[in-house]
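# Tertiary structure, described
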Amino acid sequence: MESKKSKGKRLIVFAILGIVVTLFAGAVAGGLAQGAASTQTHAIIQGSNSAVDYAWGQNASSKAYDALPIATTAASNGTYKTTVTNTYYAKITNSTGFVTGYKYDTVNILSTNLTLGIMNTYAVDKVAFATTGLSGNVTAVLGDGTSYDNFEPVSAYTVDKVNHTLQNLTFSITPAMITGNQSSYMMLELEFSSYNITTYTVNPAVTGIHSTLFGYTVAEDIGYVAATGLLVVSVFFVIPFHDVSFSNAYGRMNQVVSSARKRSGGKGSKKNGKR
């Protein structure tokens, strides 16, 4: 019979274990996924899927979005470069009414054909957008969605003074960033500080693993299965309606071992032979 003191300690220990597992199971599974993927060789993958498929520009006046013309060509490293033509929302005129320029959309949203599900399967750890034709300060926001109206940001930063030179907009990817709707597409939002961005190019490069045997999803599943097993054990041991006497169990185990040794003649006895 287990003593009340022993039962109380058991309940406390396994209750705490269950709470800890519940709170940190997701973090542990995500860490396991990222750690497992980091041991594998990463390279540029999913070239055609990561290409820009659609682009929209936001009218700074009406806040409405309109489709932008795009043209995509294959690059030498297996990626695809897309030329985006921005649209204007207002004309700039002088005192006589002569048109001297245009005000172009200051927010563009670009969508690829790469889903979060694919990014998880191939353990994507980095996404880089090589750009040309941008100037001034540009805020790059990585996100996911299916269109401009349900874009969900996951990471953002500002690039200062791009000045029309090649600029890589690079995002490090963690498993937690791509746990949303697995059918959503990877998207990029560009916010321009000036209204004179007319035409620019974007060349996405996604880095992941070629093997799909142990991507983020598989590693996370293993972590969750292990966490579930610990929870089942914890639930069993916090049930107060049965006794689990560890000291008695240890004593009985010693008795069994002693009996077995006696039946075999004991270690080093004449029956077993001299050394």
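Look a little higher up for the structure.
Because the structure is predicted, anything quoted here is derived from the model rather than measured.

## Considering the packing of aromatic side chains
Throughout the structure, instances matching the rule amount to 9 aromatic pairs. Where Y54 meets W56, the ring centres are 6.2 Å apart and the plane angle is 15°; that geometry is what we call stacked. Look at W56 and you get buried, because its relative accessible area is 11%. Between Y65 and Y148, the aromatic rings sit 4.8 Å apart at their centres with planes inclined by 25°, giving stacked as the arrangement. A residue pair is termed long-range when its members are at least 10 positions apart, and Y65 in strand β3 (residues 65–67) and Y148 in the loop between β10 (138–145) and β11 (152–159) qualify at 83 residues. Chaining the aromatic ring pairs together yields one cluster made of Y54, W56, Y65 and Y148. Sitting above the plane of the Y195 ring, K103 keeps its charged end 5.3 Å from the centroid.

## Describing the nonpolar core
Counting 30 residues, the largest nonpolar core has L110, M119, F129, I173, L190 and Y200 as the members making the most contacts within it. Mapped onto this core, the elements with two or more residues apiece are β2 (52–58), β8 (107–115), α2 (116–121), β9 (126–132), β10, β12 (167–172), β13 (185–192) and β14 (199–208). Per-element accounting of this core gives the leading share, 4 residues, to β13. The residues contacting L110, other than those within four sequence positions of it, are V52, Y54, A55, V84, M186, M187, L188, L190, Y200 and V202. In terms of nonpolar packing, the next biggest core, distinct from the first, is built from 7 residues, Y65, I109, F151 and M187 among them.

## Details of the sheet that holds β11
Across the sheet, 6 strands lie side by side as β3-β2-β8-β13-β10-β11; this open sheet has antiparallel pairing. Each of the sheet's edge strands pairs with one partner strand only, and the pair in question is β3 and β11. Put simply, the sheet's adjacent strands are angled 25° from each other on average, direction ignored. Sheet analysis places β10 next to β13, joined by 8 bridges and oriented antiparallel. Each residue of the ladder has a partner; that of V141, found in β13, is E189.

Cut-off values and rules
- Residues numbered from 1 in each chain as written.
- Predicted model: local features only at pLDDT ≥ 70, side-chain atom pairs only at ≥ 80, totals over all residues.
- Heavy atoms only, no water.
- Phe/Tyr/Trp six-rings, centres within 6.5 Å; stacked < 30°, edge-to-face > 60°.
- Buried < 20%, exposed > 50% of the residue type's maximum accessible area, 1.4 Å probe, protein only.
- Helix = DSSP H or I, 4+ residues; strand = E, 2+ residues; numbered from the N terminus.
- Lys NZ or Arg CZ within 6 Å of the ring centre and 35° of its normal.
- Core = buried A, V, L, I, M, F, W, Y, C linked by side-chain atoms within 4.5 Å.
- Contact = heavy atoms within 4.5 Å.
- Pairing = 2+ DSSP bridges.
- Axes fitted to C-alpha atoms, helices over the stretch in contact; angles between N-to-C directions.

Note that all results are geometric; they support no functional claim without further evidence.
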